[in-house]
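Structural description and commentary
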Amino acid sequence: MSVTSEVSQTNTDGVRGSSGISLTSLGSATNICTLRSSPCICEGGGVQLASSDKKKQSKPGKAKKESRKKKEEEEWGFKEEEEARLIAEKEEQERLEREQKEEEERLRLELKDRERREDELNELRLILEEKQKDLNMWEAAAREKAEWDRYMICDGSPNPAVQPEINTFITLWKEDPQVDIQTILQQCTLALRLTDELELLLSEETEPGIIQVHQDTLQSLQSLIHAKQQMATEEILKSATTCSDIETGNMQMIVRDDNITLCLWANIKKNPRFKGYHFQGAGLSFELPKPLILSDISVRILHTRYDHLSHLSLRTQAQNKSPSAEEEAEADAETLSETAKALEDGGMKGEDEGRKSVQQGKDDLRSLKSSEGKKSRVSVRSAKEGEKSSSLKLHEEPEDHSESIVEGVTSSGEAEDDTDAEPTVVLPATDITELHIVDLHRYTALGGVYYFDVFHLPPQSLTLNGWEMTEILDTGLQNFPYPSEQPHSSVSGQLEDSGTQSYPPVGVTVILPESVIFMQEPQVARWDPVGQHWRTDCITETSYNSEERSMSFKMDTFYAFTLLQETHVNMPFQHWELRPRGQDSVTLTITAALCEVRITVQGNQCMLQMDQAPGLNHILGKWMSLPALQTAMRRAGVNVFVNEYSDKYVTVSAKDPLIEHAAYEQMALVASAFVFSRSQWNAQCGQEHLVLQACEHLEAEPVPEEAWSLYLLAAQRSQRLKTTETSDGFSPELAEETEFHSTFLHMLRDIVSPEGRGKLNNTPYLFVDTVQKLLRATRLFTYS
């Protein structure tokens, strides 16, 4: 308790207490107590009041300060809020004004673009039409020159485009009794050249009837080539004892040329300890099971660097999805008259001979169509009875390729009888047997085909009293059945009984061809001659040695086999760049998933370049046409070209095909002066837009990073973007001081230098066409 510092007290008794203050009469009205700022101090039971005016006065001052400070803070906060509001209003006003100006500028540019749109489109169309007109004239002249050059060869070889000539060649060769291996190889080389010409004709032909006739002729030639090789093999094996090796007592022989490698082994000694044989220099080995070691057999491994089987599988797959073969034959028969007339017009012989040959072609075509239809039904039924059993039966049947000019690979006589006796059974599309059928749109057969066969050893010559006697058989080369008793199998191709296989498998080891690059471990597929498919079942114990580049595996019996690689193993592309190398030369560099390829275009010729690919010396650095380069690269295992099925096996950035095609056309027109490259934003701009990097580039030096610009291409207009390749995000905002254009060509013309414009005006049409086709074959916007 605080009281005043001075106390005056008077009581009625006039007595002052010992403590200085007397409180005896506190309740008296005469007691006067004056209290000041002093604390009350108690001493000896009394109370003393001390002064504290200073502290009492400080409390109202502190509260006032705090009140004033709070008020100032509130005023400062209000002031800041007001300033922020004013700034926000100002910024909003500036933004609205800026957007309004940008919108006005955009509308002005769009209006300007619409006003000149028709002129730009017409100019582009005229440029393309002029290039196409020159190209058509050049192609027509080139075809005439090729026909004249083909006519002037005069080497006795037929012209496959003239049906009477090719039919006569097939007939005469089929009747030729010559079986010497060297002569046969020379004849096969000529026939293979004719098949290449037929394939080229097929790639350029558009008339369905003529395409069908060429396909039948092609199949006839391929079947006859194989038949002649069989005859030459039989002739060699007839003299197996005279060609036997001194050390082993058996015959082993290697015959090769540029197209085939023929490895033959004859079991003359019948050594029970024999296990297998390795053909030195051929990169081929085989292992025989014990049941075959004591038999009169011969083993053949025929490696053909060409593939005459895969196209049969593709045709079979197409037939399974299309109307029946009989309906197609009837439809084709209606157009045969026109086809025959077209083929007859190109003949160099008399009209009578031409009519006779064409009529023969009609009959052969109908025979083949009927045969193919019957084979198709047999294939379905055989799958139900057991694929392995069917394959064995085919091996047991004698091969005869001399029935008719356009006969298929297998005979149709037995199939016809079976078809009449039993109705066709159509298996569902989800049948388990299809699980092992190779999808040739997903996989590609590389390195050719290996025909692995075991034959009965033909009767050998005996010398008695100076006379050489030989038993002559008219059955031809006979397949040796192995296993001799094939167990029944289910539709799935697996054994119905749960017992183990009673016959050991046969083994094969193959050194991968040097002319092919396998970018992943190859897969092995065997040929099903009944179903006309490559299959992956019945192949076990597969092992791959990457250092020795060898593939070892075992099969339950003897099949033709091949090595597979995924067709789109290099897709999607990681990066690409199209850079000019001169007036009519560019280099397209594609960084694929597993390799980098560089394709240089010079005029209408192309050249492939790759690093660390010694096995491809037969195509690296060689100038060839674009179609020839595509074929060579696919066969070598380096495929960067797409087809109509590629999007089913590759993750792509889907783009509108029309916009993409228009972009490739205009890129080809300016490729001699501009460099183009992939942009990461192309995958994020949607299906209706394309984004790429581009800049003018006339020197051989590298392109500076700051020189690149991004361009957005759409159906209605093209524009240069403000966004760069290194921006944090994508924005379609128009770059400053640029305009909209209806075509990419005119967009680039705005920034081209006078020197670059001179190159654009003198771009050759052959160069433009080749670059455009190369871009369309790779489809860089979609597959990167």
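The coordinates are above.
This text gives an overview of the structure that appears in the document. (Residues numbered from 1 in each chain as written. Predicted model: local features only at pLDDT ≥ 70, side-chain atom pairs only at ≥ 80, totals over all residues. Heavy atoms only, no water.)

**As for the overall build of the protein chain**
For clarity, the threshold we go by: For helices the rule is a DSSP run of H or I covering at least 4 residues; for strands it is a run of E covering at least 2, with both sets numbered from the N terminus onward. Relative accessible area decides the class of each residue, using a 1.4 Å probe on protein chains only: under 20% of the type maximum gives buried, over 50% gives exposed, and in between gives partly exposed. Whether two residues touch is decided by their heavy atoms; if any such pair falls within 4.5 Å, the residues are in contact. Per-residue and other accessible areas follow the Shrake-Rupley method at a 1.4 Å probe size, with only the shown protein chains counted as cover for residues.
When helices and strands are tallied, the protein chain shows 15 helices and 25 strands. Split into buried and exposed, the 784 residues of the protein chain put 45% on the buried side. Sequence separation of at least 24 residues holds for 69% of the intrachain contacts in the protein chain that already meet a minimum separation of 6. Just so you have it, the protein chain exposes about 41,800 Å², and 50% of that area is on carbon and sulfur atoms.

**Topic: the sheet that holds strand S4 (residues 251-256)**
Definition in use: Each pair of strands is called paired provided DSSP finds at least two bridges between the two strands. Geometry is summarised by axes, namely lines fitted to C-alpha atoms with helices restricted to the contacting stretch, and by angles between N-to-C directions that run from 0 to 180 degrees.
Spatial ordering of the open sheet is given by S4-S5-S8-S9-S17-S13-S14, a layout of 7 strands whose pairing is antiparallel. Strands with a single pairing partner mark the edges of an open sheet, and in this sheet they are S4 and strand S14 (533-535). In this sheet, adjacent strand axes meet at a mean angle of 25° when their direction is disregarded. Examined bridge by bridge, strand S8 (residues 297-304) and strand S9 (residues 443-456) share 8 bridges and lie antiparallel to one another. Along S9, the bridge assignment pairs serine 298 with phenylalanine 455.

**Remarks on the environment of arginine 720**
Worth spelling out the cut-off: Two N or O atoms form a polar contact when they lie within 3.5 Å of each other; inside protein one atom must be a possible hydrogen donor and the other a possible acceptor, and for residues adjacent in sequence the pair counts only when both atoms belong to side chains.
Within the fold, arginine 720 resides in strand S25 (residues 718-720). Since its relative accessible area comes to 27%, arginine 720 is described here as partly exposed. When the C-alpha positions of arginine 720 and leucine 734 are compared, they lie 6.0 Å apart, and in sequence the two are 14 residues distant. Setting aside residues no more than four positions away along its own chain, arginine 720 makes contact with Ser709, Leu710, Tyr711, Glu733, Leu734, Ala735, Thr738, Met747 and Ile751. Within the structure, the side chain of arginine 720 is placed 3.0 Å from the side chain of serine 709, a separation counted as a polar contact.

**Concerning a negative patch on the surface**
Quick reminder of the rule: Exposure above 30% relative accessible area and the absence of a salt bridge qualify a residue for a patch, where like charges join within 9 Å and nonpolar side chains (Val, Leu, Ile, Met, Phe, Trp, Tyr) within 5 Å. Salt-bridge detection follows one rule: a side-chain nitrogen of Lys or Arg within 4 Å of a carboxyl oxygen of Asp or Glu. Positive charges come from Lys and Arg, negative ones from Asp and Glu, while His and the chain ends are left out of the count. Charge positions are represented by NZ for Lys, CZ for Arg, CG for Asp and CD for Glu.
On the surface, a cluster of negative charge is made up of Glu72, Glu73, Glu74 and Glu75. Structurally, the position occupied by glutamate 75 is in helix H1 (residues 53-151). With a relative accessible area of 46%, glutamate 75 lands in the partly exposed category.

**Points about the packing of helix H2 (residues 163-175) against helix H3 (residues 181-204)**
Rules: By definition in this entry, angles of less than 35 degrees are roughly parallel, angles greater than 145 are roughly antiparallel, angles of 65 to 115 are roughly perpendicular, and the rest are oblique. Definitions for this section: a left-handed crossing has its near helix turned counterclockwise from the far helix by less than a right angle. A right-handed crossing has that turn clockwise.
Here H2 crosses H3 at 155°, and the two axes come no closer than 13 Å. With respect to their mutual orientation, H2 and H3 come out roughly antiparallel. In the packing of H2 onto H3, the handedness of the crossing is left-handed. Residues Ile166, Phe169 and Trp173 of H2 touch H3, and the partners they reach there are Gln187, Cys188, Leu190, Ala191 and Leu194.

**Here's the deal with the packing of aromatic side chains**
Ring pairs (aromatic) are described by centroid distance and by the angle formed between their planes. Counted only if it meets this: Paired rings are identified among Phe, Tyr and Trp, the last through its six-membered ring, by centres lying within 6.5 Å, and are further divided according to the angle between planes into stacked (under 30 degrees), edge-to-face (over 60) and tilted (the rest).
Summed over the entire model, instances satisfying the criterion amount to 18 aromatic pairs. Taken together, a centroid distance of 5.0 Å and an interplanar angle of 80° make the contact between tyrosine 277 and phenylalanine 279 edge-to-face. Overall, the relative accessible area of 2% leaves phenylalanine 279 in the buried class. Look at tyrosine 711 and phenylalanine 744: their rings are 5.7 Å apart centre to centre, the planes differ by 65°, and that puts the pair in the edge-to-face class. Taken together, the residues span a long stretch of sequence, with tyrosine 711 in strand S24 (residues 709-713) and phenylalanine 744 in helix H13 (residues 744-749) at a distance of 33 residues. Take phenylalanine 744: its relative accessible area is 1%, and that puts it in the buried class.

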